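# Observations on chain architecture
Listed below, chain by chain, are the residues.
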Amino acid sequence: MAASRKPLMHSHQSWTDDLPLCQLCGVGTAPNCVYSPDGKSNQMHPNEDGHFRFITDGCFLYGVFNGYDGCRVANFVSQCLTAELLLGQLNSNHSDADVRRILTQAFDVVEKSYFETIDDALAEKANLQAQLPEGAMFHQLSPQSQKIAERLKNLEQEVSGGATAVVALILNNKLYIANVGTNRALLCKYTSDRQNQVIQIGRAHTTDNEDELGRLAQLGLDPNRLRQTGIIAGQSSLRRIGDYKVKFNYTDIDVLSAAKSKPIIAEPEIHGGQSLDGVTGFLLLMSEGLIKALEAAHGPEQANQEMVAMVSAELAQQGNVEVVAQSVVERVKRLHHDAYARQRAVQCSRHEDMTLLIRTINYPLSDGSLTPTQGGRIYPVSVPYSNNQSTSKTSVTLSLVMPAQGTLTNGTNTASTLEGGTPTPGQSPTATLQSNTHTQSSSSSSGDGSLFRQRASQAAQPDETGRVPPYVDFTQFYQMWGTEHSEGARGPGPQ
């Protein structure tokens, strides 16, 4: 099996191209970028994210991969992990324990297979390094040694890099989540009382994760020092696939050198199976770049709620999950850019590749006929989210924007946002917040159309000049514009 995997790395066509794609799923992506002083964006490097979404023999498999230092590992994992899970390894007779074991073994086999593909390059690299004088600068080397140094540089680019992964498996209508690193999975369930329950499944494997620090402490490492360091060998994740430097040369990394065995691992943290019987909602798989971009723009406290709000609003208006996913990614990209343009915030000066995978679960899609004025762009109420939860699952309640047989169910305490609109400074798309301990009535049915009729009866009438009064107060915008352009506090607003 290992011998057959090597060609996968060099072929432009993958055997997975023939697998059927899941039609209940949509994926949105955006490349990395850095902003210049004038606000223009430039891509820093080729896209390094990856994803898959397959269905075969009643087994649904989804994954989002965040590559770094190249796309080699993310591409390899997305191909080979599929081979380790969808070639008869899973069947309906397997128990939850069986599925978790198979998932764990699959990740282990895939990483070992990846390192087999770079064995020759690593051996050549070690041999060439032994031929160079230690500490010599490039210009001090002989012509022959300079050629060796150039070859070493190319080899380093070939073998460097790694990836984090979040994988979702649905088998026997049960959901399993396998996470390695800093991507995120959210399960959003529409409840009988017209609420949307949001569950973050698992936590990022960083130095903020006490369970991870405990694991490393058992290997002889100092948790406090790890917490202070934060970024290890260029990444915040304590679990990674690939990345030979931290796997084979961790003793050369000061903060990891005391470990009794490999501290950075590719073993997934697995949750499930969770029954999806009777569940209506959607599953979100998000790359680290998407999460970080939204958190940089609005802070980490409401990131989950804002993401669910945007997805819910798009699902209420769009009839295609692919379009929904791409629209949400584009909106996050705009929010991130606007935060930089407005504040020149350092944390918003760049973002990495962004990937969002949405899988609907018994979720009725809109027919696309709703317009913003009909309520199709309403964001649901959200509640504060704590990023410092002691458990791996955080459950909150939101009202859900969701079409049902041509009507729209909408929260009563929501804020309407039109297409292309940008929240005011410091305001998130889910502008109306509630405390989980001070829950008010947060949903009502508009199935009889009364909500739309009420809005129509309140439509603004033209004045004597034929103009309709504005729906939005731009006073704060003009004040900020005037301040930034040294034209006084009032700015160039309409007279």
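The structure this text deals with has already been given above.
Residues numbered from 1 in each chain as written. Predicted model: local features only at pLDDT ≥ 70, side-chain atom pairs only at ≥ 80, totals over all residues. Heavy atoms only, no water.

Leu81 and Leu169 are the most contacted members of the largest nonpolar core, which has 46 residues in total. Those elements that place two or more of their residues in this core are strand 4 (49–56), strand 5 (59–68), helix 2 (72–85), helix 3 (96–117), helix 4 (119–129), helix 5 (143–159), strand 6 (162–171) and strand 7 (174–180). When near neighbours in sequence (up to four residues on either side) are disregarded, Leu169 contacts Cys59, Phe60, Leu61, Leu90, Val99, Leu103, Lys174, Leu175 and Tyr176. Of all hydrophobic cores here, the second largest spans 28 residues; its members include Phe282, Val329, Leu335 and Leu356. (Core = buried A, V, L, I, M, F, W, Y, C linked by side-chain atoms within 4.5 Å. Buried < 20%, exposed > 50% of the residue type's maximum accessible area, 1.4 Å probe, protein only. Helix = DSSP H or I, 4+ residues; strand = E, 2+ residues; numbered from the N terminus. Contact = heavy atoms within 4.5 Å.)

Quick look at the packing of helix 9 (residues 288–298) against helix 11 (residues 321–343) now. One way to put it is that helix 9 packs onto helix 11 with a least axis distance of 9 Å and a crossing angle of 40°. Accordingly, the angle class assigned to the pair helix 9 and helix 11 is oblique. By crossing handedness, the relation of helix 9 to helix 11 is classed as left-handed. For the pair formed by helix 9 and helix 11, the contact residues are Leu290, Ala293, Leu294, Ala296, Ala297 and His298 on the first element and Val329, Val332, Leu335, His336 and Ala339 on the second. Here the residues of the contact of helix 9 with helix 11 are counted per class, giving 9 nonpolar, 2 polar and no charged. (Axes fitted to C-alpha atoms, helices over the stretch in contact; angles between N-to-C directions. Parallel < 35°, antiparallel > 145°, perpendicular 65-115°, else oblique. Left-handed = near helix turned anticlockwise from the far one by under 90°. Nonpolar A, V, L, I, M, F, W, Y, C, P; charged D, E, K, R; others polar.)

With that settled, the discussion passes to the pairing of strand 12 (residues 281–286). Among the 6 residues that make up strand 12, 6 are buried, leaving the element largely enclosed by the rest of the structure. Alternating positions in strand 12 separate into two faces, Gly281, Leu283 and Leu285 on one and Phe282, Leu284 and Met286 on the other, with burial throughout. Inspection of the sheet shows strand 8 (residues 184–190) paired to strand 12 by 6 bridges, in the antiparallel sense. Among the inter-strand pairings, Leu187 is bridged to a residue of strand 12, identified as Leu283. Sheet topology note: the strand 12/strand 14 (residues 354–361) ladder contains 6 bridges and is antiparallel. Each bridged residue has a counterpart across the sheet, and for Gly281 the counterpart in strand 14 is Ile361. (Pairing = 2+ DSSP bridges.)

Under the counting rule described, the total for this entry stands at 7 aromatic pairs. Between Tyr114 and Phe115, the ring centres sit 5.5 Å apart and the planes meet at 55°, which makes this aromatic pair tilted. Of the two residues, Tyr114 and Phe115, neither departs from the other in class, the shared state being buried. Ring plane angle 65° and centroid distance 5.8 Å describe the contact between Phe282 and Tyr363, whose orientation is recorded as edge-to-face. With a gap of 81 residues between them, Phe282 in strand 12 and Tyr363 in the loop between strand 14 and strand 15 (378–379) connect regions that are remote in the sequence. (Phe/Tyr/Trp six-rings, centres within 6.5 Å; stacked < 30°, edge-to-face > 60°.)

Bear in mind that shape data such as this cannot, by itself, settle questions of function.
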